[in-house]
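One-letter residues, chain by chain:
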Amino acid sequence: MADSLPTPPASPQQPSTPDVSADRTVPISTAPAVAAPTPAPAKAAPRGGRGLAALSLVISLIAAGLSGVALLRSGSSEPETTTNPGGAQSAAAKPGNDAPPAQPTNETAPQASPTAALDVLNPQASFTVAYTVQELVPQVTRDDRAYIDLNEPRVVSSGGDTVDVSLSMPYNGSVPTIQLDDGVEAAITTTSNPNPQPEDCREAIRTSPVPPSAATAAQRPLVMCVATSAKQAASIGQAQLIVVIKVTALSEDGKVSMQLTAWKQPS
């Protein structure tokens, strides 16, 4: 059987205090009691606050440093400028970079004007043969003219846009005469050169032309150089010609035999 715990002894009785209220009156102060001010407890700094402040400062410094580096890099990538002799600034192209684009302009590039066809009488004109030794025998009476189109060549019955020369009989004469149509030029080379070439005709027309209103006798040994009208040729879409007309015979009934050779400018 286990031992039982001992019971603590009873506390001794306090001696009773004699009641003195009947013999003595304790004075009671009526002044209010002033409590001494109690100092406010100091606030404790939050744990870890200083460490966070220091970390924020470091991050700010790093961000400022990175911004400075980026600014320096962006500044170094700006294209350098060089001064032209005229004082204008132009961006210098660097290796690996595209050259600065050209500024748009409203100016229109000049267009080349088409070269106009040279007149057969121009010194720079060149020639190719249009036809050689064509025989025509126009007949002339006192009442009727004969009209010749030198482009084909052929004799036509009446005047028109294709007529270059015409033949008529003088009122008191027996030899038909040749008249030039508007814009046609001519020269006579009978004695100087019986077989003229285009260059010879051009020079003869330049130096000794037949008057536009003249009537030239259509009889042997007439050799006439004729330059057809440039205006007429353009209006009918045909080439301007230099034609040599040789009169080989004249009959009593007014028939004029002639041979024609012509040259034109190459198209």
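Residues numbered from 1 in each chain as written. Predicted model: local features only at pLDDT ≥ 70, side-chain atom pairs only at ≥ 80, totals over all residues. Heavy atoms only, no water.

A tally of helices and strands in the protein yields three helices and 12 strands. Counting contacts in the protein only where the partners sit at least 6 residues apart, residues at least 24 apart contribute 54% of the total. Here the protein displays about 19800 Å² of accessible surface, and carbon together with sulfur accounts for 56% of that area. (Helix = DSSP H or I, 4+ residues; strand = E, 2+ residues; numbered from the N terminus. Contact = heavy atoms within 4.5 Å. Areas by Shrake-Rupley, 256 points an atom, 1.4 Å probe, with all protein chains shown as cover.)

So, about the sheet that holds strand β10 (residues 223-227). To summarise the sheet geometry, strands pair through backbone hydrogen bonds and adopt either a parallel or an antiparallel arrangement. Here we have five strands laid out as an open sheet, ordered β3-β12-β11-β10-β8, and antiparallel in their pairing. Looking along the sheet, the strands with just one partner apiece sit at the ends: β3 (128-136) and β8 (185-188). Sheet twist, expressed as the mean angle between neighbouring strand axes with direction ignored, is 20°. Where β8 meets β10, four bridges bridge the pair, whose relative direction is antiparallel. Counterpart to Glu 185 in the pairing with β10 is Ala 227. (Pairing = 2+ DSSP bridges. Axes fitted to C-alpha atoms, helices over the stretch in contact; angles between N-to-C directions.)

Before going further, it helps to spend a moment on the pattern of salt bridges. Throughout the structure, instances matching the rule amount to two salt bridges. Linking Glu 152 and Arg 154 is a salt bridge whose minimum nitrogen-to-oxygen distance equals 3.0 Å. Given the relative accessible area of 39%, Arg 154 is considered partly exposed. Between Glu 203 and Arg 206 there is a salt bridge, with its nearest N and O atoms 2.5 Å apart. (Salt bridge = Lys/Arg side-chain N within 4 Å of Asp/Glu carboxyl O. Buried < 20%, exposed > 50% of the residue type's maximum accessible area, 1.4 Å probe, protein only.)

Excluding glycine, most residues fall at negative phi; most peptide bonds, likewise, are trans. Put simply, Glu 152 and Pro 153 share a cis peptide bond, and its omega is -10°. For Pro 153, the location among the structural elements is in the loop between β4 (146-149) and β5 (154-156). Put simply, Arg 220 and Pro 221 share a cis peptide bond, and its omega is 0°.

Right, let's talk about the nonpolar core for a bit. Judged by nonpolar contacts, the single largest core of 26 residues is most densely connected at Leu 150, Leu 167, Val 243, Met 258 and Leu 260. Counting only elements with at least two residues in this core, the list comes to β3, β4, β6 (165-168), β7 (177-180), β10, β11 (241-250) and β12 (256-264). Within the second largest apolar cluster, 14 residues are counted, among which are Val 120, Leu 121, Ala 204 and Val 244. (Core = buried A, V, L, I, M, F, W, Y, C linked by side-chain atoms within 4.5 Å.)

Quick look at the state of the cysteines now. In this structure the tally under the stated criterion is one disulfide. Covalently, Cys 201 is tied to Cys 225 through a disulfide, its sulfur atoms 2.1 Å apart. Disulfide Cys 201 to Cys 225: torsion about the S-S bond roughly -55°, handedness left-handed. Within this pair, whereas Cys 201 is found in helix α2 (residues 198-207), its partner Cys 225 is found in strand β10, the two being separated by 24 residues in sequence. (Disulfide = S-S within 2.5 Å.)

The next point concerns the pairing of β7. Neither face of β7 is exposed, since Thr 177 and Gln 179 on one face and Ile 178 and Leu 180 on the opposite face are all buried. Relative to β7, β6 is paired through four bridges, and the arrangement is antiparallel. Bridging from a neighbouring strand, Leu 167 pairs with Ile 178 of β7.

Time to look at the sheet that holds β4. Spatially, the five strands line up as an open sheet ordered β5-β4-β6-β7-β9, and their pairing is antiparallel. Each edge of the open sheet is held by one strand with a lone partner, namely β5 and β9 (216-217). Here β7 pairs with β9 via two bridges, running antiparallel. Paired with Thr 177 across the strands is Ala 217, a residue of β9.

Let us now look at the pairing of β11. Where β10 meets β11, five bridges bridge the pair, whose relative direction is antiparallel. Across the sheet, residue Met 224 finds its bridge partner in β11, namely Ile 245. Pairing geometry for β11 and β12, over nine bridges, is antiparallel. From the neighbouring strand, Ala 249 faces β12, where its bridge partner is Ser 257. The loop that links β11 with its antiparallel partner β12 comprises five residues; one of these, Gly 254, has a positive phi angle of about 85°.

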